[in-house]
Amino acid sequence: MNVVNEGIKTDKYKTVSASLEFIDEAMEHALEKISSSLEDFTHAFPDDTTVENRYYIRKPEKPGQDRGGNHGWTTSFWTGMIWLAYEVTADEKYRRAAEVHIDSFHDRIVQKIDCDHHDLGFLYTLSCVSAYKLTGNEKAKEAALMAADHLMSRYFEKAGIIQAWGDLNDPLQRGRIIIDCLMNLPLLYWASEATGDKKYKAAAEKHANNAYRWIVREDASTFHTYFFDPETGDARYGKTHQGYRDDSCWARGQAWGIYGFPLSYKYTGNHEFIQMSEKLAHYFLNRTPADGVVYWDLAFSDDSGEEKDSSSSSIAACGLLELAKYTEIKDSQRYYERAAAAILQDLYTGYSTRNMPESNALLLHGVYAKPENLGVDEGNLWGDYYYMEGLVRLKKNWNLYW
Ligand code: GLY
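Residues numbered from 1 in each chain as written. Predicted model: local features only at pLDDT ≥ 70, side-chain atom pairs only at ≥ 80, totals over all residues. Heavy atoms only, no water.

### Overview of the overall build of the protein
Moving on, step 1. Along the protein, the regular secondary structure elements total 13 helices and 7 strands.
Moving on, step 2. By the compact-globule yardstick of 21 Å for 402 residues, the protein fits well, its C-alpha radius of gyration being 19 Å.
Moving on, step 3. Its C-alpha atoms give the protein principal-axis dimensions of roughly 55 × 50 × 40 Å.
Moving on, step 4. Burial status across the protein gives 62% buried among its 402 residues.
Moving on, step 5. Relative to all contacts within the protein whose residues are 6 or more apart in sequence, the contacts with residues 24 or more apart total 68%.
Moving on, step 6. When the accessible surface of the protein is summed, it comes to about 15500 Å², and 46% of that surface belongs to carbon and sulfur atoms.
Moving on, step 7. Positive and negative charge centroids in the protein, built from 44 and 60 side chains respectively, lie 4 Å apart. (Helix = DSSP H or I, 4+ residues; strand = E, 2+ residues; numbered from the N terminus. Rg over C-alpha atoms; globule rule 2.2 N^0.38 Å. Buried < 20%, exposed > 50% of the residue type's maximum accessible area, 1.4 Å probe, protein only. Contact = heavy atoms within 4.5 Å. Areas by Shrake-Rupley, 256 points an atom, 1.4 Å probe, with all protein chains shown as cover. Lys, Arg positive; Asp, Glu negative; His and termini not counted. Charge placed at Lys NZ, Arg CZ, Asp CG, Glu CD.)

Listed below in structure tokens is the structure:
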């Protein structure tokens, strides 16, 4: 299929550049929030999203799970923020807290607590690969490699896909991939580098190729999820889970694609992933409203009355900064860098908690899953993490955890 490149239809980011002053101010705000949450959330994890703009201790979701325990798919975003804070401040209090989390993530994978899903990539890249890269922590490396092995158990060799959710024999989930998984693949690419065993990378690359071929539509919008026949490898059909309609474009899915494809490029050298990320980025930026932050589905615009999803824009900003490193199109590098910085500035000025001392979040106005009425118009851990990662990327030449 020939995926169209819409090009850039908006002039917004052609001239606007973010001020350096904003970066320091925004970083100070973010660090202040992270620092003041350490006491509450070193030995207990926060919930996925805020409730009325505050994170509380994580609730058990299934029998046997503890209050504040390490379960669900988002705990590592908090750990990742702590590692980022450690990187920019070198303050040992952050390292000590993140090291408590390494023990928790190690226990989680040894005991296989809520590990039967593809989000092991998010979980172990930000908590343990980060720790290993920054401090050489061997326990973190061991945990991350165990997680990579467990993730491989979800790989269907014949189809070349990693099933996202559910039991591998569940007829409702069997053979289903989701675009978010592009962000889980770096755990596998890293595992090949760390062990010298090429099987992890081979699986990740095949999965990325299938996402490239099937999850992106002809107009450069994306399906959230796509079903394959795991026995034959036949591609079946796309379907949404968190988007508005099967044929609309869930904003966060598009953002996962903008960032995820360049990560597969980084490890495979396949430049087609960069070209695809550019097409997705143009589609996203062309539907970004004047205040710099998208609605939760890109079908919506300013007169829709729908909610914004600040997390989609923070993920996209990080993706644009990664994409900027590799684009071969003249002038695009500066355009993507400007767009990312301007989005981060818009997030800080219009969507952060900078004037809300009562909130322990970094960002407001995210949407987790509108169709399920989950975390609607609330802060969420991944939005905060990518916002912080974006600020760190603006501040220094950042070595990726991904
Ligand atoms: N990966 C799940 C989400 O973005 O909500």
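After that view, the rundown keeps rolling.
### Some words on the side chain of Gln 65
Moving on, step 1. The residue Gln 65 is located in the loop between helix H2 (20-37) and helix H3 (75-89) in this model.
Moving on, step 2. One polar contact links Gln 65 to His 71, side chain to side chain, over a distance of 3.2 Å.
Moving on, step 3. Once you skip the residues sitting within four places of it in the chain, Gln 65 turns out to touch Pro 60, His 71 and Asp 114. (Polar contact = N/O pair within 3.5 Å; in protein donor to acceptor, adjacent residues only side chain to side chain.)

### With respect to a negative patch on the surface
Moving on, step 1. A cluster of acidic residues, Glu 21, Glu 25, Glu 28 and Glu 32, forms a negative patch at the surface.
Moving on, step 2. Structurally, Glu 28 can be placed in helix H2. (Patch = residues over 30% accessible without salt bridge, like charges linked within 9 Å, V, L, I, M, F, W, Y side chains within 5 Å. Salt bridge = Lys/Arg side-chain N within 4 Å of Asp/Glu carboxyl O.)

### Description of the sheet that holds strand E4 (residues 225-228)
Moving on, step 1. The strand order E3-E4-E5 describes an open sheet built from 3 strands, whose pairing is antiparallel. Only two strands of the sheet have a single neighbouring strand rather than two, namely strand E3 (176-178) and strand E5 (235-239). On average, adjacent strands in this sheet sit at an angle of 25 degrees to one another, irrespective of strand direction.
Moving on, step 2. Two elements, E4 and E5, share 4 bridges in a ladder whose sense is antiparallel. Each bridged residue has a counterpart across the sheet, and for Phe 228 the counterpart in E5 is Ala 235.
Moving on, step 3. With respect to the sheet, helix H8 (residues 199-215) is in contact with E3, E4 and E5, its orientation differing from that of E4 by roughly 105 degrees. (Pairing = 2+ DSSP bridges. Axes fitted to C-alpha atoms, helices over the stretch in contact; angles between N-to-C directions.)

### Digging into the site of the ligand
Moving on, step 1. Around the ligand sit Trp 73, Asp 180, Gln 242, Trp 250, Arg 252, Trp 256 and Tyr 368, and those are all the residues in its vicinity.
Moving on, step 2. Separating a nitrogen atom of the ligand from a side-chain N or O atom of Asp 180 is a distance of 2.7 Å.
Moving on, step 3. Trp 256 places a side-chain nitrogen or oxygen 3.1 Å from an oxygen atom of the ligand.
Moving on, step 4. Class assignment of the residues belonging to the shell around the ligand gives a composition of 4 nonpolar, 1 polar and 2 charged. (Near = heavy atom within 4 Å. Nonpolar A, V, L, I, M, F, W, Y, C, P; charged D, E, K, R; others polar.)

### As for the packing of aromatic side chains
Moving on, step 1. With the rule as written, the count across this model stands at 37 aromatic pairs.
Moving on, step 2. Geometrically, the ring pair formed by Tyr 13 and Tyr 335 is edge-to-face, given 6.3 Å between the ring centres and 75 degrees between the ring planes. Here Tyr 13, found in helix H1 (residues 12-15), pairs with Tyr 335, found in helix H12 (residues 332-351); they are 322 residues apart in sequence, far enough to count as distant. Both residues of the pair, Tyr 13 and Tyr 335, count as buried.
Moving on, step 3. With centroids separated by 4.8 Å and ring planes inclined at 35 degrees, the aromatic side chains of Trp 73 and Trp 382 adopt a geometry described as tilted. Of this pair, Trp 73 sits in the loop between H2 and H3 while Trp 382 sits in helix H13 (residues 381-395), and the two are 309 residues apart along the sequence.
Moving on, step 4. Here Trp 73 falls in the buried class, since its relative accessible area comes to 14%. (Phe/Tyr/Trp six-rings, centres within 6.5 Å; stacked < 30°, edge-to-face > 60°.)

By themselves these figures say nothing about function.
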